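Here's the letter readout for the chains.
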Amino acid sequence: MTDLCQKHNLISVAMITGLMSFSLPVFAEITSPEMDNTAYVLMDYNTGAILAQKNADAPLPPASLTKMMTSYIIEKRLANGDLKEDEPVLMTKNAWCHGSSTEACMYVPVNQSASVIDMLRGIIIQSGNDASIAMAEHIAGSEAAFAEIMNQEAQKIGMTNTHFVNATGMPAEGHRASAMDLAKLARAIIKDSDKYYKIYSEKEFTYNGITQGNRNALLATDPTVDGLKTGHTDAAGHCLVASSKRNDMRLISVIMGTKDKQARADQSRELLNWGFGHFDTVVKAPTGQSVAKLPVRYGTAEAVNIATADTLQVLTTKIQKDKITTVVNLPERIEAPISKGQKIGEMTAMLDGKAVASVPLIATEAVEQAGIFSRLWQRTLNWFGDLF
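Residues numbered from 1 in each chain as written. Predicted model: local features only at pLDDT ≥ 70, side-chain atom pairs only at ≥ 80, totals over all residues. Heavy atoms only, no water.

## What about the environment of Met69?
Part 1: Its location among the elements puts Met69 in helix H2 (residues 67-79).
Part 2: Given the relative accessible area of 0%, Met69 is considered buried.
Part 3: Aside from chain neighbours lying at most four places away, what touches Met69 is Met150, Glu153, Ala154, Ile157, Met159, Phe164 and Leu185. (Helix = DSSP H or I, 4+ residues; strand = E, 2+ residues; numbered from the N terminus. Buried < 20%, exposed > 50% of the residue type's maximum accessible area, 1.4 Å probe, protein only. Contact = heavy atoms within 4.5 Å.)

Written as structure tokens, this is what we have:
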């Protein structure tokens, strides 16, 4: 690691596939904020670029930030039909908790059941250890077996400095996660759990006659913040993973190991504001934007519409945002048959003569091959046309 990296002065790009074709660093060095915590990360959601970091890859006690993985697994299983929202989940004696100063509870009575969707809210909003363990047992038979599923999911997401031992984040030997990995997890939740992500912004939840507020203080002070999770143990300190969307840009902040609740909220707010103050997401073309009508040879249509397959967007500094141009790379003509969605070319965003992002250009409709006599006639006309 370079001295500059140790001082947190470099901006890096951590690619996570699925949102853009590629992205390159397009910004100069910007000094990251100095903060009194154990570790932090600021990630751009759209590209996965890391805008600021400190001890980003250090495996640390994650406290209840662990429950983001618990909720993520539940959300994925709801989405694929393995779980139903109204499915009853038993609160076993093992999962049940009385409540104390050291653990948060949903307060489902022992040997009674709550629905999966209520349990999910109990985990996300109330940070219920009882709900987390009950769901772990419901899905995997035991919390230990569920932890194996958690680690499998972590590997899929690319969490390389994380190991889960339980579903709650209560202190346990070997139970660790890095700030970088938790940012990746938050990104996966936002991307893959679209139907349920709104729960992370709900300010309170009432169950069994007990109303508990969401511990994410930023939800009450910043309308652009819509998630995700707080955590605290003596070993972990006070932690917060938050996400904020302003215009076309969404940032994810991870703060670990602050001294109190106020500090984690203040530092998260500072980090997000720093990111939005220095960087911007420039959308050069939305998904489905028509680019050209391309001539088609030997087809049942004379031309085919070409459009962007994805949104062409670039993460850049504020001072560079007006310097971005686009280049369209398409052939002069194409030959039938053409299938709908077939890649025909690319649109590339350029900055200072360098490609910084690219999206495929595709045919928006199919064009079948013309009949043999029609193709022969077209070939004859094209031959004469090429001569002159």
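## With respect to the packing of aromatic side chains
Part 1: Inspection of the entire model under this criterion finds three aromatic pairs.
Part 2: Where Trp274 meets Phe279, the ring centres are 5.8 Å apart and the plane angle is 65 degrees; that geometry is what we call edge-to-face. There is no split in this pair, since Trp274 and Phe279 are both buried.
Part 3: Geometry around Tyr45 places Arg187 over its ring, the cationic atom sitting 5.8 Å from the centre.
Part 4: In this structure, Arg250 is placed above the aromatic ring of Tyr45, and the distance from its NZ or CZ to the ring centre is 6.0 Å. (Phe/Tyr/Trp six-rings, centres within 6.5 Å; stacked < 30°, edge-to-face > 60°. Lys NZ or Arg CZ within 6 Å of the ring centre and 35° of its normal.)

## Examining the pattern of salt bridges
Part 1: The final tally for this structure, using the stated rule, is eleven salt bridges.
Part 2: Glu153 is the salt-bridge partner of Lys156, the closest N and O atoms lying 3.6 Å from each other. Of the two residues, Lys156 and Glu153 both sit in helix H5 (residues 143-157), three residues apart, roughly one turn of that helix.
Part 3: Between Arg269 and Asp266 there is a salt bridge; the shortest N-O distance is 3.1 Å. Here Asp266 and Arg269 lie together in helix H9 (residues 261-278), a separation of three residues that amounts to about one turn.
Part 4: The partly exposed category is assigned to Arg269, whose relative accessible area is 25%.
Part 5: For Asp266, a relative accessible area of 36% corresponds to the partly exposed category. (Salt bridge = Lys/Arg side-chain N within 4 Å of Asp/Glu carboxyl O.)

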